[in-house]
Every structure is written in C-alpha cells, then in structure tokens.
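# Per-entry structural report
Now for the letters of each chain:
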Amino acid sequence: MGKEFGDNHIVGVTSPVGLGHRYYLETVISELSTLGGNKLKTAVFDPSEHGSIFSKALWMVLRKMYELGAQGGTLEKLYKFTRTNSDKAGLAMFLTSIDARVALKEFNGPILSDHALGCIGKGFLIQGDVWAEGLYAKTGADMVFVPVEDAAKLLKKHGLSDGKVRDVGGFIVSSILKNRRLREDREAHLREGRAYVSFFGTGASARPHYEYLQRRLLPGLKPLIDKGSVTLNVFTGKNSRKAYEIAKQCTEIGLNCSLNEGLDLDFDSQVNIVYAKNIKEAVAFMVRVGCMTDIGVGMVGEKVGWPAAGIYFQPLYPTSLNAGYNQEYLIGRDAISTVEEAESFPEMLEEDLKTGARKIQRRLKVANEIPIEGAQNAARIIYDGSSLKDSLV
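My aim in this report is to walk through the structure given alongside it, one point at a time. What you see is a predicted model, and the numbers here were worked out from it, not measured in a lab. (Residues numbered from 1 in each chain as written. Predicted model: local features only at pLDDT ≥ 70, side-chain atom pairs only at ≥ 80, totals over all residues. Heavy atoms only, no water.)

### Re the sheet that holds strand E11 (residues 295-298)
Judged by pairing direction, the sheet is parallel, and its 6 strands sit side by side in the order E9-E10-E8-E7-E11-E12 without closing on themselves. Of all strands in the sheet, those bounded by a partner on one side alone are strand E9 (257-260) and strand E12 (312-315). If you compare each strand with its neighbour and ignore which way they point, the axes differ by 20 degrees on average. Of the pairings in the sheet, the one linking strand E8 (residues 230-235) to strand E10 (residues 271-274) comprises 4 bridges and is parallel in character. Looking at E10, one finds that Asn233 is bridged to Asn272. Against the sheet, helix H8 (residues 207-227) touches strand E7 (195-200), E8, E10 and E11, its axis set at about 160 degrees to E8. (Pairing = 2+ DSSP bridges. Helix = DSSP H or I, 4+ residues; strand = E, 2+ residues; numbered from the N terminus. Axes fitted to C-alpha atoms, helices over the stretch in contact; angles between N-to-C directions. Contact = heavy atoms within 4.5 Å.)

In structure tokens:
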C-alpha cells in the first residue's frame, strides 16, 4: 500500500477501536470527496486489516482494554487514569503506527489520521473532541485539527506549537445529518407530540448503558410506543448478541420489532434494532439511524455536534473522558439534558410531548448556536494546502 497511489489520492489511517474516531475520519473524507469530485481517490489504512500479525494482536489488546474500561468499576478508573497519562505512551504510539509508516513510506500525498496511536509522524490528525489528551501533542503530525479553542489551548499546554494545532471552528457532523428537510421533519414531529427516539450503544458496548436501556428506557417508553407517540430505534454497533437480546425482550413485553443487519434498514416497526458487521459499516449505520432520530439517548461522544443539527440528546453516564467533556460542554450550555435526568426521561418525554416538546425545543434553540462546520473547514484546509487541488484540475 502506498506505491499504487497518485497525486489525486488522500489516505486515511484509522484506529480500529471504537466508532467515534472512524466517524470523524469518514466525515472529513466525505467532505474532501465533495470538494474533489469524482477525480479524487480515497483509501483507508486499517491495521486490523492490512497490518502484520503483531500489529493485529496489539490492536486487539488495545480494543479489549477500551471495552473493559467501559464496563464500570475499577477497570473503568484504571482506563481513565491511563488516558490522562497517555503523553508518556511514546513507545506504544510507535508500535501501533509502524505498519502504516511502512505501508505509506513512499506516498507523498495528504494523509489524515483519526487517532494519535495511528498517526505516522506526518500529515493531518483529527482530534474531534472538546478534551485533548497529551498524546496528541507528541505524534509529530504536521497539523492537529481541534473543534474548539479550549482544545487548542490544552494541546499547546502539552507542548504542541501554535503552528501545528488548528481550531477548525466547529464540531464534525455528517452533512446528511444537517439536511434542512430532516431538521424540519424533526421539528414537525415534536410539535405534533411524537418522536423517533434512538438509543445509541458505544463501540465499547458499555454495560451501564445497556442496563439502563433494558431496565428503564424500553419498559418506560412502552406506553408511548403503544400509543404510537414514540418509535424506538436501538443501535448496538457491532454487538449482535445485544441486538438479539433486546429483540427477545421486546417480544416478551409485547412490542413488535425488526432486527436489521444490512444497508436496507427498516424503520417501520415499534422498535427497530440495528447492528453491523464491522466498524466501517457501524459508522454508516449510526449515521443512518441518526437520520431517523429526533431524540438520541446514550453517551454523546462523537455525536457532540448532533444537537446543533436538531437532534436532542438525553446523555448517559460517560465511560470515557472524551465523552464526559463533550457532554459537559453541552450540559453547561443547557443544550441537552443532564445525566441525572435519564432516570425520569420516559416520564419527562411524555409530559413534554403534550406541549409540543417546548422544553426540548428550547434547548435545541440553544444548541443551534453551536458551530458544526468542522468537517467542511478541515477538508478545505487539507484541499487548499496540499497538492490535491492542482492534481485534480
């Protein structure tokens, strides 16, 4: 990989762990494709697919750490401690990126990495969250993209020079989610006293979130689902076991559901359960579910900009530091509910829908002021500042 690419290529380097980083990468690449038209060629290097046996094993260990860190208790505390001290993980960063370094050694075009652990010491690096860990200041990337000035200040504090960090002026949100017709549909649904509510599982399949879904959200929303006021979508990422477990629970409590694996997603049942086979597919499905969402329930994470696109959020307990800071950014602006409101969310929703969702609409109006042009701005910086523009003429 590398020799076959020409001047009209951009290569993304992904970290095969959670969904958020890949979502950021795919969204910026999509914006680049819009700028470059059909002449621009894109490819993604995934060490879990193209790497050596050693690299695949290393990433498998990291993925397991990520998953264990989302299950609560001591392991979660240990995982968060590791993240706050990640600037000391230079050796790990070298080992996790070595296959990409070798594969792309002869490629001189723009390279876009979605995680510090996958960065090959040059090119562009996306840090799409409010909180920026120290590791992102140690990668050697030519430029690190951040969504807000606070993240830029934090990376500078960690030692990154002014010229190597760029505030792209907003969060990364897929263009399709910002579609005006979808926004108008969401507003209309809420005014009419109905809603598509979507539970979003994380890439780590956080135990506390599924416990909440099965104990509180699904039974609590059942009266509204039975009345036809709410349609519930459940996105389980790559976790097919959870998808089937939830489908079984729906049957037991008398709700009809569809279980979708594949691009032809059906949202016609009372409960629509969606899961994917791999990370790339999961990112695409997550966005597809987002298009059918008026209210999201889950850890905000990479969806930090979605409320500004008109998708309200009931956040759940953040099992990662990134998600925690993203949620606090929104909660501090009163743009979404608090985590504590999750327990009473079904009842709150029932009451609010009776008024045309005035409370939700008020918070969405606040969220509308949050900038979400990060993907377009990052793509323009890459496009204008590299050889891409000239090569596509």
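Still more ground to cover, so stick around.
### Looking at the packing of H8 against helix H12 (residues 345-353)
Between H8 and H12, whose axes approach to 9 Å, the crossing angle comes to 25 degrees. Considering the angle they form, H8 stands roughly parallel to H12. Note that H8 runs across H12; the crossing there is right-handed. Of the residues in H12, those touching H8 at Tyr212, Arg216, Leu217, Gly220, Leu221, Leu224 and Lys227 are Phe345, Pro346, Glu347, Leu349 and Glu350. Along the lines of polarity and charge, the residues of the contact of H8 with H12 split into 7 nonpolar, 1 polar and 4 charged. (Parallel < 35°, antiparallel > 145°, perpendicular 65-115°, else oblique. Left-handed = near helix turned anticlockwise from the far one by under 90°. Nonpolar A, V, L, I, M, F, W, Y, C, P; charged D, E, K, R; others polar.)

### Comments concerning helix H9 (residues 240-252)
Given a rise of 1.5 Å per residue, 13 residues ought to cover 18 Å, and the 19 Å separating the end C-alpha atoms of H9 matches this to within 8%. Here H9 has its buried residues at Lys242, Ala243, Ile246, Ala247, Gln249 and Cys250. In an axial view of H9, the angular spread of the buried residues amounts to 160 degrees, which keeps them on one side of the axis. Residues Arg241, Lys248, Thr251 and Glu252 are exposed on H9 and point more than 90 degrees away from its buried face. Against H8, E8, E9 and E10 lie the buried residues of H9. (Expected span 1.5 Å × (residues − 1). Buried < 20%, exposed > 50% of the residue type's maximum accessible area, 1.4 Å probe, protein only. Arc of directions from axis to C-beta.)

### Some words on the nonpolar core
Core analysis: the largest hydrophobic core is formed by 74 residues, its most contacted members being Tyr23, Val28, Leu112, Phe145, Leu155, Phe235 and Trp306. Counting only elements with at least two residues in this core, the list comes to helix H1 (20-36), strand E4 (124-126), strand E5 (143-146), helix H6 (149-157), helix H10 (279-291), helix H11 (321-331) and helix H14 (374-385). At 8 residues, the largest contribution of residues to this core is made by H10. Of all hydrophobic cores here, the second largest spans 35 residues; its members include Tyr212, Leu213, Leu316 and Ala342. (Core = buried A, V, L, I, M, F, W, Y, C linked by side-chain atoms within 4.5 Å.)

### Quick notes on the pattern of salt bridges
Going through the model one piece at a time under the given rule, you end up with 20 salt bridges. Close ionic contact of Arg380 with Asp384 constitutes a salt bridge, the shortest N to O distance being 3.2 Å. Placement of the pair is Arg380 and Asp384 together in helix H14, with a separation of 4 residues, close to one helical turn. Among the residues examined, Asp384 registers a relative accessible area of 40% and is labelled partly exposed. Salt bridges linked by common partners bring Glu211, Arg215, Arg216, Glu343 and Glu347 together as one network. (Salt bridge = Lys/Arg side-chain N within 4 Å of Asp/Glu carboxyl O.)

### Comments concerning the pairing of strand E1 (residues 9-13)
Counting buried positions over the 5 residues of E1 gives 5, a clear majority of the element. Here 5 bridges tie E1 to strand E2 (residues 41-45), and the two strands are oriented parallel to one another. Bridge pairing links Ile10 to Thr42 in E2. Running through H1, the crossover from E1 to the neighbouring parallel element E2 is right-handed. (Right-handed = clockwise from strand over helix to strand, strands pointing away.)

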